[in-house]
Amino acid sequence: MEYRHKMMRTAVGMLIDKAIRDIQSDPKRSIRNLADMGDNFSKTSAQKQFFKTAQEVLKKPDNPYNKLVLNMIRNVCPDTVKTVSLNFGYTGLNYGAEILRGKEAAAGKNIPWLLRFDCSVDGENTLSFREMDKILADSVSLGIYTCIIQLGGCGEKMGQVLKLCKSHRECCFFVAVKPTAALSPFREQMIKTPNLI
């Protein structure tokens, strides 16, 4: 991790820690402050638009997303809230996006800002988790820090996903599973993996 990025992650992490502490006393105001902080760190018009939309949503008490965000803050481990904020919010959408813009300009073509792996079926074209790990490592060098993994009903593959999460601690992993997927053997590990959603 480059020095400037490490220092910014530390500074942003301290701000997030304060916001998480403040959430206990005034959740709605603290969440709005987090959106304001994201806006302050935004560099592109797309980032600014995202946080402007978030701020508008948070101003409306009857908006269903307000309740969703409050429930998340109240029911999710603070370490997970902080890690996701850092990995997805700062590293993925800010730091990584800056790297991506430079790589896109040099290559003269668009580069996706996230990866999506479909592990819900097996077949001859299915990537192994070792191959996925290599692709993730290469992608980080391009500025891609966000990954969606589709497991469907294949809950038994969660062990491999958890290994990817541990190998790529600065990345944010969104995993889609069916409600019927057998995840109970991985419950404790999942709880201890703050970059997994």
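Provided above is the structure to which this section pertains.
Residues numbered from 1 in each chain as written. Predicted model: local features only at pLDDT ≥ 70, side-chain atom pairs only at ≥ 80, totals over all residues. Heavy atoms only, no water.

1. Some thoughts on the pairing of strand β1 (residues 114-118)
Part 1: Burial of the side chains of β1 is restricted to one face: Leu 115 and Phe 117 are buried, whereas none of Leu 114, Arg 116 and Asp 118 on the reverse face is.
Part 2: For β1 and strand β2 (residues 146-152), the ladder comprises five bridges, and the chain directions are parallel. Directly across from Asp 118, in β2, lies its bridge partner Gln 150.
Part 3: Once you follow β1 into helix α6 (residues 129-142) and on to β2, the crossover reads as right-handed. (Buried < 20%, exposed > 50% of the residue type's maximum accessible area, 1.4 Å probe, protein only. Helix = DSSP H or I, 4+ residues; strand = E, 2+ residues; numbered from the N terminus. Pairing = 2+ DSSP bridges. Right-handed = clockwise from strand over helix to strand, strands pointing away.)

2. Considering the packing of aromatic side chains
Part 1: Per the counting criterion, the structure on display carries four aromatic pairs.
Part 2: On the numbers, 5.4 Å between centres and 80° between planes, the contact of Phe 88 with Phe 174 is edge-to-face. Highlighted residues: Phe 88 in helix α5 (residues 78-107) and Phe 174 in strand β3 (residues 172-177), separated in sequence by 86 residues.
Part 3: With relative accessibility at 26%, the residue Phe 174 sits in the partly exposed group.
Part 4: Judged by centre distance (6.2 Å) and plane angle (55°), the ring pair of Tyr 95 and Tyr 145 falls under tilted. (Phe/Tyr/Trp six-rings, centres within 6.5 Å; stacked < 30°, edge-to-face > 60°.)

3. Let's talk about the layout of surface pockets
Part 1: A volume near 1100 Å³ is recorded for the largest pocket.
Part 2: Contributing elements (two or more residues each) for the lining of the largest pocket: α1 (3-25), α2 (27-41), α3 (45-59), α4 (64-75) and α5.
Part 3: Examining the composition of the lining of the largest pocket, we find that nine residues originate from one element, α5, more than from any other.
Part 4: For the lining of the largest pocket, the class distribution of residues is 25 nonpolar, eight polar and no charged.
Part 5: Each pocket or cavity is described by its volume, and for the second largest pocket that value is around 270 Å³.
Part 6: As for the second largest pocket, its lining consists of 13 residues, and the residues nearest its centre are Met 190, Ile 191, Thr 193, Leu 196 and Ile 197. (1 Å grid on protein atoms, 1.4 Å probe; cavity = no way out; pocket = protein on both sides within 12 Å on 5 of 7 lines; lining within 4 Å. Points joined across faces, edges and corners; volume = space filled by probe spheres on them. Nonpolar A, V, L, I, M, F, W, Y, C, P; charged D, E, K, R; others polar.)

4. Let's talk about the sheet that holds β1
Part 1: Sheet architecture is open: three strands sit in the order β1-β2-β3, paired in parallel fashion. The open sheet has two edge strands, β1 and β3, and neither has a second partner. Adjacent strand axes in the sheet meet at a mean angle of 15°, parallel and antiparallel pairs treated alike.
Part 2: Two elements, β2 and β3, share six bridges in a ladder whose sense is parallel. Residue pairing in the sheet places Ile 149 in a bridge with Val 175 of β3.
Part 3: Sheet strands in contact with α6 are β1, β2 and β3, and its direction is about 170° off that of β1. (Axes fitted to C-alpha atoms, helices over the stretch in contact; angles between N-to-C directions. Contact = heavy atoms within 4.5 Å.)

5. Quick notes on the nonpolar core
Part 1: Core analysis: the largest hydrophobic core is formed by 41 residues, its most contacted members being Phe 117, Ile 149, Met 158, Val 161, Phe 173 and Leu 196.
Part 2: The contacts of Met 158, once residues within four sequence positions are left out, are Leu 151, Val 175, Leu 183, Phe 186, Met 190 and Leu 196. (Core = buried A, V, L, I, M, F, W, Y, C linked by side-chain atoms within 4.5 Å.)

6. Observations concerning the pattern of salt bridges
Part 1: Within the structure shown, the criterion is met by nine salt bridges.
Part 2: Residues Glu 2 and Arg 4 are paired through a salt bridge, measuring 3.5 Å at the closest nitrogen-oxygen approach.
Part 3: Of the residues examined, Glu 2 reaches a relative accessible area of 39% and is grouped as partly exposed.
Part 4: Classification of Arg 4 as partly exposed rests on a relative accessible area of 42%.
Part 5: Salt-bridge contacts for Asp 122 lead to Lys 157; the nearest nitrogen and oxygen are separated by 2.7 Å. Pair noted here: Asp 122 is in the loop between β1 and α6 and Lys 157 is in the loop between β2 and α7 (158-167), with a separation of 35 residues, a long-range link. (Salt bridge = Lys/Arg side-chain N within 4 Å of Asp/Glu carboxyl O.)

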